[in-house]
Structure formats: structure tokens, C-alpha cells
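# Structure at a glance
Residues per chain are reported as follows:
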Amino acid sequence: MISLLLAAALMLGPSFAEKTKTSRPALAHPPAMEGCDVSELDFVVGRPLDKALEARAQEATGAASVRVFTTGDPATADMRPDRLNLELDRNGKVVSARCF
């Protein structure tokens, strides 16, 4: 019963933004709208990764950041379309390049 009353009050009452005549600021870059583009990144796969190759890959994709990890290593599951992920084999060669 209380939850029903609370839901009704929330639906019928004016919002805080309406009461204070404020609104949320617009985001300069809406999340998940920008990302990197790996379509021109074939030159990276199969090569040993060094700082110069990493920088070229980041520039070619337009990624805001780069994450390098080895196959099988733990990695966070957060999704960031503006991040280039370079996966290496145990010998340090790039096996995949993805944006997520």
C-alpha cells in the first residue's frame, strides 16, 4: 500500500527540476555515441607491440585510450566504445584489436 502511494506521489507531483526551474546540463559528448574505428587497423595484427605501434594504432582509430592485455589475463568488463583494446599472445604479438 505504501509503495502504491509513493508511486502515485512520484507520478503526480512536480519534479525537483520543475520546482527549482533547473534542468540537467547537456553533455558535450553523449556516452556511447563516440567510439573508435578499427576498420583501418589490419597493419597491427600479427606484429609485436611496441610504444610506436601502439601510438599509430590509437591515432588510426581515433581512440581516446588504449588497453593492452594478454590472452587469458583478467580484464574489467566495462564497455567503453572510445577505448582501443589490443590483445596480445604470450609472445607479445597482437592477436586482435577491438573497440569496447
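Residues numbered from 1 in each chain as written. Predicted model: local features only at pLDDT ≥ 70, side-chain atom pairs only at ≥ 80, totals over all residues. Heavy atoms only, no water.

### Some words on the nonpolar core
Among the nonpolar cores identified, the biggest contains eleven residues, and these are C36, L41, V44, L53, A57, A63, L84, L86, L88, V94 and A97. Secondary-structure elements contributing two or more residues to this core are α3 (51-61), β2 (83-88) and β3 (94-99). Top element by residues in this core is β2. It accounts for three residues. Each residue touching A97, except ones within four places of it in the same chain, is listed here: V38, L41, L84, N85 and L86. (Core = buried A, V, L, I, M, F, W, Y, C linked by side-chain atoms within 4.5 Å. Buried < 20%, exposed > 50% of the residue type's maximum accessible area, 1.4 Å probe, protein only. Helix = DSSP H or I, 4+ residues; strand = E, 2+ residues; numbered from the N terminus. Contact = heavy atoms within 4.5 Å.)

### Let's talk about the sheet that holds β2
Spatial ordering of the open sheet is given by β1-β2-β3, a layout of three strands whose pairing is mixed. The open sheet terminates on both sides in strands that have one partner only, identified here as β1 (65-70) and β3. Direction aside, neighbouring strands of the sheet carry axes that sit 20 degrees apart on average. Strand direction decides the pairing type here: β1 and β2, joined by six bridges, are parallel. Within β2, the position partnered with V66 by the bridge is L84. (Pairing = 2+ DSSP bridges. Axes fitted to C-alpha atoms, helices over the stretch in contact; angles between N-to-C directions.)

### Focus: the environment of D73
Positionally, D73 belongs in the loop between β1 and β2. Counting along the chain gives 14 residues from D73 to E87, while the straight-line C-alpha distance between them is 9.6 Å.

### Some thoughts on the environment of V44
As for its position among the elements, V44 is in the loop between α2 (16-20) and α3. Along the sequence, V44 and K93 sit 49 residues apart, while their C-alpha atoms lie 8.9 Å from each other. If we ignore the near neighbours within four places in the chain, the residues touching V44 are L53, A57, L86 and V94.

### Observations concerning the environment of D78
With respect to the helices and strands, D78 occurs in the loop between β1 and β2. Overall, the relative accessible area of 33% leaves D78 in the partly exposed class. Between the C-alpha atoms of D78 and F100, which are 22 residues apart in sequence, the distance is 8.0 Å. D78 has contacts with R67 and R83, leaving out every residue within four places of it along the chain. A distance of 2.5 Å separates a polar atom in the side chain of D78 from a polar atom in the side chain of T76. (Polar contact = N/O pair within 3.5 Å; in protein donor to acceptor, adjacent residues only side chain to side chain.)

### Observations concerning the pattern of salt bridges
Per the stated rule, a full pass over the model turns up five salt bridges. R98 serves as the salt-bridge partner of E87, at 3.3 Å between the closest nitrogen and oxygen. Of this pair, E87 sits in strand β2 while R98 sits in strand β3; the two residues are eleven residues apart in sequence, bridging distant segments of the chain. Classification of E87 by relative accessible area gives buried; the value is 14%. A relative accessible area of 34% places R98 in the partly exposed class. (Salt bridge = Lys/Arg side-chain N within 4 Å of Asp/Glu carboxyl O.)

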